[in-house]
Amino acid sequence: MSNTATENEHDPLIPHGHQQTGRVGDRIFRGFASGAGIFVLVIMGAIGAFLIWKSIPSLQADSTNFFTTTEWFPDDNPAVFGIAALLFGTVISATIAMVLAVPVGIGIALFIAFYAPRPVASTLAFITDLLAAVPSIIFGLWGLAVLMPNMQGTAQWLNDYLGWIPIFDNTLGIYSKSLFIAGVVLAIMVLPTVSAVTREVFIQVPSEHVEGALALGATRWEMVRMAVFPFSLPGMISAAMLGLGRALGETIAVALILSAAFTINWHITEPGGNSFAANIALKWNEAGPIGLSALIASGLVLFLITLVVNMLARWIVSRRKDFSGAN
Amino acid sequence: MTVISPEPTRSPESRSISESLAGKRLPRWAPLATAVAAVVIGYGIGAAGSIFGLAWFVVAALLFLIGQTAWSFAVEGRRHAIDRLATTLIYTCFIVALAPLLSVLLSVITKGAGVVFTDFPSFFTETMRNVSPRKPGGGVAHAIVGTIEEVAISAAIAVPIGIMAAVYLVEYGRGRMAKWVSFFVDVMTGVPSIVAGLFIYTFWILVLGFDRSGFAAALSLVILMIPVIVRTTEEMLKIVPNDLREASYALGIPKWKTIVRIVLPTALSGIITGVMLAVARVAGETAPLLLTTFLSQSMNWNPFSGPQAALPTFVWDQISNGTDASVARAWGGAFVLILFVMIFYIGARLLARVFAPKAR
């Protein structure tokens, strides 16, 4: 987090007003730099504006409630479509991903920051970051061809022993292409995000706190619980939310794994389910004009959801100025 | 922090157990012994056939967890038992995270390398034009050309904007405006790639009326690239020592020249690292390409007209075909893609390590 007033001690010798000495080069360069900064704001505004503009035709044509309908026939006359099933699938798969990825991600960050021997810690950090560089299409392909056959047993076990919990109950006896598997793949994909941001926060913990706790006779876990967690709680929350933002918007891996269905099915190990992003990718090329507009409308909802999640996360982080979560 | 390990500690419980100053500890071989016992029992249960597949390993891990904690509780007391439990869980987290990474890399290499290297150069020199999905053959030449052109165009647009935005944030940014820019750069890193594709589709194709093209795809990649470049460049500019700036100002050099000739060159290696990381990130994006340029089976050298193939969309297309031959090609494409991405990614990290600027 730069840019804040405290950062400005960069050039203490140059008082603020002194920059405008009339040197043309300075003014032009400053203009370019500010322009680039403003461009970022313009793009973010333009994304929202254009998506709203182009989603209006379909929202006007929709003959049912956009938020509660679980069908998707925008090119019919009258158009019938709504985002209920998409919202459900997106939220459930992202929730599964969070339940799995947040504890493990924090564990990895703890391991690298406090448990791993110093010389190997940076290499291990590099390796987990490598996971972030693997393209999502490859996770999708891997999830489909390698993970899915191997998840059969786990899903079946959940049904056999935890089937009394409604979400693990599987009435079909088919365990592939489910929201559960999509959630597991998403968890693997957001792990590097969660662990990288948490690690960055853990490194900020003052070593006086850490060493003080240990000097008082705390075990390593007590040190983590009493010195590290209280200090880094906001950072951990925002790391989880940044991961959530990624999981909500992930397209290709989810599109490959789910067998797209417009239903709300609480049995998460059964085939089916859908998500905003996956639906856009799958329906895009068969959509007519209203169909495209309807997909844009669903993309707008996704954009707004991720915007809120990310802004909350950044806001929580920015209350503590010293670290930023970006990459 | 590694120095802290199991030196004797005093605690009320342990003192009551023994008269010595140090509490009782488990012998050094205790974790190993517990692990061996757990694996033997776990494997035994697995061999008895009551559980599936690799689940015996999970059983063994649970046995280890319970066994060691119980033993430690009996000898060392509650606090050390919890500490050992936590340590084991944290190590487990790390192994659990490494497993999928290894599995992904291994399956891409084992399933992809065969396709790529069977008749070596042809996979790199041929396109999918007139190749039946059911038959082997064909290649990724058109996809490689598309990916390189699209990524190069998007880098050519995003790099200057990203670097200038970072210069603004570090060197000029004051007050509320800079706060907003910085905040939205962070938020922009979280924009889903499909939304970037949707935006470019509505803006470039629906509103401005251009056709689908590689250039449209490049524009959507620009949106994904800018925040990465801004953030990494910003970090680098911030660790350029102020002494350099002040020395330059003292010589009467204007601020813009100081930035262009002193600050940016000093941070250059870091900026290049950031650009390469950004390239690695966007080169693997599939979703925005599907919306803005879609697929192509043949070579299209011109990024400004007509659909263009790219490595990620090639993989997507081959998976959707679903035949054995095309799924094999998908793994081949995945192999080439991951090679492409890893070269940039590892290259960037090596560069960063070799030329790491000396932070104050």
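Keep in mind that this is a model prediction, so the values were computed, not measured.

Before going further, it helps to spend a moment on the overall build of chain A. Secondary structure assignment for chain A yields 10 helices and 2 strands. Helices and strands appear in chain A in the N-to-C order α-β-β-α-α-α-α-α-α-α-α-α. When its C-alpha atoms are laid out on the principal axes, chain A stretches across 70 × 60 × 30 Å. The buried share of chain A, taken over its 327 residues, is 53%. Pairs at least 24 residues apart make up 74% of the contacts formed inside chain A by residues separated by at least 6 positions.

Attention now goes to the environment of Val187 of chain B. Topologically, Val187 of chain B is positioned in helix α7 (residues 175-189). For Val187 of chain B, a count of 22 C-beta atoms within 10 Å gives the class buried. Aside from chain neighbours lying at most four places away, what touches Val187 of chain B is Met44, Leu307, Asn310, Met311 and Arg314 of chain A.

Right, let's get into helix α9 (residues 214-238) of chain B. For an α-helix, 3.6 residues make a turn, and residues three or four places apart therefore share a direction. Residue and element names in this part refer to chain B. With 25 residues, α9 extends 35 Å between its outermost C-alpha atoms, agreeing within 8% with the 36 Å of an ideal straight helix rising 1.5 Å per residue. Of all the bends in α9, the largest measures some 30° and sits at Met225, one to four residues before the proline Pro227. With 23 of 25 residues buried, α9 lies mostly within the body of the structure.

Taken together, the contact between chain B and chain A spans 98 residues of the former and 87 residues of the latter. Broken down by element, the residue count for the side of chain B that touches chain A peaks at 19 residues, all from helix α4 (residues 78-117) of chain B. Split into classes, the residues belonging to the side of chain B that touches chain A amount to 65 nonpolar, 18 polar and 15 charged.

Moving on, we get to the domain arrangement of chain B. We note that the domain assignment places domain 1 (26-111) and domain 2 (141-354) within chain B. When each unit is reduced to the centre of its C-alpha atoms, the spacing between domain 1 of chain B and domain 2 of chain B is 42 Å.

Glycine aside, negative phi is the norm for most residues, and most peptide bonds take the trans geometry. The linkage connecting Asn77 of chain A with the following residue, Pro78 of chain A, adopts the cis geometry, with an omega of 0°. Mapped onto the elements, Pro78 of chain A comes out in the loop between β1 (72-73) and β2 (80-81). Within the chain, Asn130 of chain B stands out as a residue other than glycine whose phi angle is a positive 60°. Tracing the backbone through its elements, the reader meets Asn130 of chain B in the loop between α5 (122-125) and α6 (141-172). On the neighbour-count criterion, Asn130 of chain B (9 C-beta atoms within 10 Å) is exposed.

Residues and elements named next belong to chain B. Put simply, α6 and α7 touch, their axes get as near as 10 Å, and they point 135° apart. With respect to their mutual orientation, α6 and α7 come out oblique. Our pair here, α6 against α7, has a crossing hand that is left-handed. Mapping the contact onto sequence places Ala165, Tyr168 and Leu169 in α6 and Ala178, Val181 and Ser182 in α7. For the contact of α6 with α7, the class distribution of residues is 5 nonpolar, 1 polar and no charged.

In this section: the confidence of the model for chain B. Residue and element names in this part refer to chain B. Of the residues in chain B, 91% reach a pLDDT of 70 or more, and the chain-wide mean stands at 85. Looking at the elements of chain B, mean pLDDT is at its lowest for helix α1 (residues 12-17), recorded as 48, and at its highest for α6, recorded as 94. Throughout residues 14-18 the model reports pLDDT below 50, and contacts reaching past four residues in sequence, or to other chains, amount to 6 contacts. This prediction of the complex comes with two scores: 0.86 for pTM and 0.85 for ipTM.

Procedures and definitions
Residues numbered from 1 in each chain as written. Chains lettered and ligands numbered in written order. Predicted model: local features only at pLDDT ≥ 70, side-chain atom pairs only at ≥ 80, totals over all residues. Helix = DSSP H or I, 4+ residues; strand = E, 2+ residues; numbered from the N terminus. Buried ≥ 20, exposed ≤ 12 C-beta atoms within 10 Å, placed from the backbone. Contact = placed C-beta atoms within 7 Å. Expected span 1.5 Å × (residues − 1). Bend = angle between axes of the 7 residues up to and from the residue. Nonpolar A, V, L, I, M, F, W, Y, C, P; charged D, E, K, R; others polar. Domains from an automatic or database assignment. Axes fitted to C-alpha atoms, helices over the stretch in contact; angles between N-to-C directions. Parallel < 35°, antiparallel > 145°, perpendicular 65-115°, else oblique. Left-handed = near helix turned anticlockwise from the far one by under 90°. pLDDT = per-residue confidence, 0-100.

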